[in-house]
Amino acid sequence: MTTPDRKTLIGKVLREVKYVLNEDDLRTYLPVCEEDHPAFFSDGGAQATGYERRVIPPSFAPHIAVLVLLRAFDWEDFFFDYKTGTAMFGEQELAYLRPLYAGETLTIQSSVADVYEKQGKRAFDVVTVKFSAADQQGAPVFHGSQAYILFK
Amino acid sequence: MDTRAKMYFDEVQEGMALPSATYGPMDRHKYIAIAIILRDMNPLHLDRVYARERGMPDAVQQGPLNETYLYRFLTDWLHRPWDIRKTKLRFSANVFPDDLLTCGGTVTRKYRENGEPRVDCQIWQQNQKGEKIIFGEATFTLPERK
């Protein structure tokens, strides 16, 4: 079966996603990833480091990017069957405009920025999704892009 | 606790190596927690039989968990964790349980942006066999000595 031309996806606006930097995820993440800086555990620890309140570890941000983008689209949108196909992460860019605080709600907007085909041992498409995350006031807090390698 | 000596902007020079760090051995039990956080129950990360049926030697560690260690290599060493400004990373190989991950980097540029001292560097992560897992670029700020 021929895969439809994924270049038609360029410009496609994906679903808006909201994500709360919630206590359950942080309580799971911090010990597993041995993130032990006091700023990640209390407002006091954060203020002693110069932050206004408790922050999350920067290493948690790539997880946020992955999980919110997985909610922003369905694999079928990319003409891809996740159960039978092979997908890999490609290049990822993240730029931080300020620290991320525990408990805050982020709204993530994303769209397909680029699609191109490459030929390795097998042919594959690289689908690049650009996104930006804003806080409750609508101010941008981080932005970036994530490429997905979808084998044909 | 990270024991690497911290540096100041004045001391950093282009071409110098950042102090490396090694993490591990990787623990398959952590993959369950990461799957819960990512809301991604792909059996490739959780079921070694499923992974072997697809040609992998074992369950595949999630990419964001690999990134955690590359981020920690920087943010544990920085004076404050959110002194990181940006990253641009490429994933080139998989990580498996019991792997050891060593992270390192080289300073490529030292400059100011809107008055803030900034350092660009090439960073990388490799396993115990010397295979590159992730490579790319990062930008962070460092304080100046008063």
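Placed above this text is the structure.
First, a word on what this report is: a plain description of the structure on this page.

## With respect to the interface of chain A and chain B
Logical step 1: The interface of chain A with chain B comprises 26 residues on the first partner and 25 residues on the second.
Logical step 2: Those elements giving two or more residues to the side of chain A that touches chain B turn out to be helix 1 (23-32), helix 3 (61-72) and strand 2 (87-96) of chain A.
Logical step 3: No other element matches strand 2 of chain A, which puts seven residues into the side of chain A that touches chain B.
Logical step 4: When grouped by side-chain class, the residues that make up the side of chain A that touches chain B number 16 nonpolar, seven polar and three charged.
Logical step 5: Judged from the four bridges that link them, strand 2 of chain A and strand 2 (residues 84-91) of chain B form a sheet pairing that is antiparallel. Residue pairing in the sheet places Ala-95 of chain A in a bridge with Lys-86 of chain B of strand 2 of chain B.

## Observations regarding the nonpolar core
Logical step 1: Residues Val-55, Ala-61 and Val-127 of chain A together with Leu-70, Phe-73, Leu-74 and Cys-103 of chain B are the most contacted members of the largest nonpolar core, which totals 67 residues.
Logical step 2: The element that contributes the greatest number of residues to this core is helix 3 (residues 63-75) of chain B, accounting for six residues.
Logical step 3: Contacts of Cys-103 of chain B, omitting those with residues within four sequence positions, involve Ser-20, Ala-21, Tyr-69, Leu-70, Phe-73, Ile-123 and Gln-125 of chain B.

## Quick word on the sheet that holds strand 4 (residues 123-134) of chain A
Hydrogen bonds between backbone groups are what pair the strands of a sheet, and the pairing can be parallel or antiparallel.
Logical step 1: One open sheet holds the ten strands; their spatial order is 1(A)-3(A)-4(A)-5(A)-2(A)-2(B)-5(B)-4(B)-3(B)-1(B), and the pairing between them is antiparallel. The open sheet is flanked by strand 1 (17-20) of chain A together with strand 1 (17-23) of chain B, the only strands paired with a single partner. Sheet twist, expressed as the average angle between the axes of neighbouring strands with direction ignored, equals 20°.
Logical step 2: Relative to strand 4 (residues 116-126) of chain B, strand 3 (residues 101-113) of chain B runs antiparallel, the two being bridged by eleven bridges. In the strand pairing of strand 4 of chain B, Thr-102 of chain B is matched with Gln-126 of chain B.
Logical step 3: Its contacts with the sheet put helix 3 of chain A on strand 1, strand 2, strand 3 (105-119), strand 4 and strand 5 (140-151) of chain A, and the angle it makes with strand 1 of chain A is roughly 145°.

Parameters at a glance
Residues numbered from 1 in each chain as written. Chains lettered and ligands numbered in written order. Predicted model: local features only at pLDDT ≥ 70, side-chain atom pairs only at ≥ 80, totals over all residues. Contact = placed C-beta atoms within 7 Å. Helix = DSSP H or I, 4+ residues; strand = E, 2+ residues; numbered from the N terminus. Nonpolar A, V, L, I, M, F, W, Y, C, P; charged D, E, K, R; others polar. Pairing = 2+ DSSP bridges. Core = buried A, V, L, I, M, F, W, Y, C linked by C-beta atoms within 7 Å. Buried ≥ 20, exposed ≤ 12 C-beta atoms within 10 Å, placed from the backbone. Axes fitted to C-alpha atoms, helices over the stretch in contact; angles between N-to-C directions.

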